[in-house]
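Architecture and fold: a report
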Amino acid sequence: MRKHDIEHRLHDTAEHVTGRARYYADGASSSAQDLLERGRRRIHERFGGRGSYGRQLSRAAEDFADEANYHYRRLRRQVNRHPAATVAIVAGTIGAFLLLRQAFRRDDD
């Protein structure tokens with residue numbers, strides 16, 4: 001293979017991994033928003049939006065959602081700025097998972 005072909009393949013792989021990372025980050029963000037909304041509804045149902053405990057829980061839920069949103073945006077910037085590093089991180093994570101799975105797999109034979 002020529003150097004150009006290798007670079008092209010690596011670039012395509014990086015774009016694919018970047019797209020998958022964005023997909024999973026979007027899903028995580030959506031789940032966090034859903035959790036926040038459900039928490040707000042439950043707090044309002046349970047406490048009627050009146051007591052200080054309800055306000056504290058509501059603020060804690062909002063803080064959690066803000067933190068999740070911050071990490072999601074940070075991850076997206078990381079993926080956009082450093083696609084090769086993202087590929088390496090994802091590959092390392094998958095490799096570690098497979099090694100751990102292999103190490104802890106119980107053979108029933």
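Residues numbered from 1 in each chain as written. Predicted model: local features only at pLDDT ≥ 70, side-chain atom pairs only at ≥ 80, totals over all residues. Heavy atoms only, no water.

Summing up its helical and strand segments, the protein chain has three helices and zero strands in all. Ordered by position from N to C terminus, the α and β elements of the protein chain give α-α-α. For the protein chain, the proportion of its 109 residues judged to be buried stands at 15%. Excluding contacts between residues fewer than 6 apart, the proportion of contacts in the protein chain whose partners are at least 24 apart in sequence is 61%. As displayed, the protein chain has an accessible area near 9,100 Å², and 53% of this comes from carbon and sulfur atoms. (Helix = DSSP H or I, 4+ residues; strand = E, 2+ residues; numbered from the N terminus. Buried < 20%, exposed > 50% of the residue type's maximum accessible area, 1.4 Å probe, protein only. Contact = heavy atoms within 4.5 Å. Areas by Shrake-Rupley, 256 points an atom, 1.4 Å probe, with all protein chains shown as cover.)

Looking now at the packing of aromatic side chains. As enumerated under the stated definition, the model contains one aromatic pair in all. Seen in terms of ring centroids, Tyr23 and Tyr24 are 5.3 Å apart; in terms of plane orientation they differ by 65 degrees. Their pairing is edge-to-face. As far as the burial class goes, Tyr23 and Tyr24 line up, both exposed. (Phe/Tyr/Trp six-rings, centres within 6.5 Å; stacked < 30°, edge-to-face > 60°.)

Right, let's talk about a nonpolar patch on the surface for a bit. Taken together, the side chains of Ile94, Phe97 and Leu98 present a nonpolar region at the surface, about 300 Å² in accessible area. Relative to the helices and strands, Phe97 is located in helix α3 (residues 83-104). (Patch = residues over 30% accessible without salt bridge, like charges linked within 9 Å, V, L, I, M, F, W, Y side chains within 5 Å. Salt bridge = Lys/Arg side-chain N within 4 Å of Asp/Glu carboxyl O.)

What follows concerns the side chain of Thr18. Looking at the element boundaries, Thr18 is found in helix α1 (residues 3-47). Judged by relative accessible area, which is 7%, Thr18 ranks as buried. Those residues in contact with Thr18 that sit more than four places away from it in its chain are Val79 and Pro83.

The next thing to look at is a positive patch on the surface. A cluster of basic residues, Arg38, Arg41, Arg42 and Arg46, forms a positive patch at the surface. If you trace the backbone, Arg42 turns up in helix α1. (Lys, Arg positive; Asp, Glu negative; His and termini not counted. Charge placed at Lys NZ, Arg CZ, Asp CG, Glu CD.)

Take His71: it is sitting in helix α2 (residues 52-81). You can call His71 partly exposed: its relative accessible area is 38%. Considering only alpha carbons, one finds His71 and Ala25, 46 residues apart in sequence, at a separation of 9.1 Å.

A few words on the environment of Thr86. Topologically, Thr86 is positioned in helix α3. You can call Thr86 buried: its relative accessible area is 6%. It is 8.5 Å that separates the C-alpha atoms of Thr86 and Ala21, two residues lying 65 residues apart in sequence. Dropping the residues within four chain positions of it, Thr86 is found in contact with Val17, Gln78 and Val79.

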